[in-house]
Amino acid sequence: MSEIYRASTTAPVNIAVIKYWGKRDPKLNLPTNSSLSVTLSQNDLRTHTTASCSASYPAEDSLLLNGKLQDVSGARTQACFRELRALRKEVEAKDSSAPKLSVLPLKIVSENNFPTAAGLASSAAGFAALVRAIANLYELPADPTELSRIARQGSGSACRSLFGGYVGWEQGSEADGSDSKAFEVAPASHWPNMRAVILVVSAAKKDVSSTSGMQTTVATSSLFASRASETVPRRMKEMQDAIKNKDFETFAKVTMMDSNSFHATCLDTYPPIFYLNDVSRAAIKMVEQINNTAGKIIAAYTFDAGPNAVIYYLEENEKAVAGVFKTLLANKDGWSGERGAAVEGNYE
Ligand code: 2P0
């Protein structure tokens, strides 16, 4: 019986406050602008992945996600496998006693602890967990920056899930992507009272995938060029300063404005891409009302490539922010469209 080598890890979902939208190289997932996200607590939304390899396995690599066999022949998964095997080969070349794991078939088993039907993006946590699980299996130096470059090739946003807390993704300028990687802006412990509530407006699969949507935006939107070259670089700096200074009002304002800017470029795409719906717009109005009542900004909305809202707030404003949304969801009156569900998220 051949030995089975095994390693497990988890990776969290991240929600961008400065959005990644647009690639300058679709093959390497090199973006047209830098981005910044907040990593969700592992207790809330995360992927758990076990990677194993053995001479006794069938010759083909395999990936099981939530109990379903996935196609691993795609260029993105293959790029991750190839890069990790190359790094393992270096380990084996340096240490002749290291078992030759790089030539063994891989078996990857992943589980999300949130319902796939929730319509929440899982590719970021998925590829981050896959890359780290194999890196652990291969006993590679677990430098998250190095691993982020590999995970980026699986899914762009995955590079940000290799770090906890507040994470940037430097767009880089090299053609080979060597400087397009994630970096830590601040650990979660820096601003421990940050909270989020996720409003699942629709569990339906999005009709325009991020990968194809952003390509159409780059090709057709005239708003897009100024977003990538002027708006985002300025906001990256404002956002990093806001996080360093724990300045919630600036953090929130920049978050909301960047979400609006991203969705404006979607609308400016031809044919237009609509991710927000009436319920999303009602959530925006509700946040504005909460902030007006408070007399200052205590809540921020942001939307990814779908209608679900993520609302950021500080723990001390739990009642005034999350409480209002929960009451609303419990009592459908005044809430148009499909009934939402609240998923609470802490940041750690
Ligand atoms: C983000 N999104 O920064 C932005 C905001 C969606 C809207 O990253 O093609 O799934 O796999 O690199 O990472 C979604 O894009 O795209 C995304 P690929 P990905 O979180």
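This report concerns the structure included in the present document. Keep in mind that what you see is a predicted model, and the values were worked out from it rather than measured. (Residues numbered from 1 in each chain as written. Predicted model: local features only at pLDDT ≥ 70, side-chain atom pairs only at ≥ 80, totals over all residues. Heavy atoms only, no water.)

1. Focus: the sheet that holds strand 2 (residues 14–18)
- Pairing within the open sheet is antiparallel, and its 4 strands lie in the order 2-5-10-11. Each end of this open sheet is capped by a strand with a single partner; those strands are strand 2 and strand 11 (182–186). Direction aside, neighbouring strands of the sheet carry axes that sit 35° apart on average.
- Where strand 2 lies against strand 5 (residues 35–39), 4 bridges are found, and the strand directions are antiparallel. Bridge pairing in strand 5 places Ala 16 opposite Ser 37. (Pairing = 2+ DSSP bridges. Helix = DSSP H or I, 4+ residues; strand = E, 2+ residues; numbered from the N terminus. Axes fitted to C-alpha atoms, helices over the stretch in contact; angles between N-to-C directions.)

2. Description of the pairing of strand 10 (residues 166–169)
- Where burial is concerned, the two faces of strand 10 agree: the one with Tyr 166 and Gly 168 and the one with Val 167 and Trp 169 are both buried.
- Pairing geometry for strand 5 and strand 10, over 4 bridges, is antiparallel. Counterpart to Val 38 in the pairing with strand 10 is Tyr 166.
- Bridge count between strand 10 and strand 11: 4 bridges; the pairing is antiparallel. Its bridge partner lying in strand 11, Val 167 is registered against Glu 184. (Buried < 20%, exposed > 50% of the residue type's maximum accessible area, 1.4 Å probe, protein only.)

3. A short note on the site of the ligand
- Inspection of the region around the ligand gives 17 residues, with Tyr 20, Lys 23, Ser 155, Ser 157 and Thr 211 positioned closest.
- Between the ligand and Lys 23 there is a distance of 2.5 Å, counted from an oxygen atom to a side-chain nitrogen or oxygen.
- Here the ligand has 460 Å² of accessible area as a free molecule, and 93% of this is covered by the chains.
- Sorting elements by how many residues they give to the shell around the ligand places helix 4 (residues 210–220) first, with 3 residues.
- Partitioned by chemical class, the residues of the shell around the ligand number 5 nonpolar, 7 polar and 5 charged. (Near = heavy atom within 4 Å. Polar contact = N/O pair within 3.5 Å; in protein donor to acceptor, adjacent residues only side chain to side chain. Areas by Shrake-Rupley, 256 points an atom, 1.4 Å probe, with all protein chains shown as cover. Nonpolar A, V, L, I, M, F, W, Y, C, P; charged D, E, K, R; others polar.)

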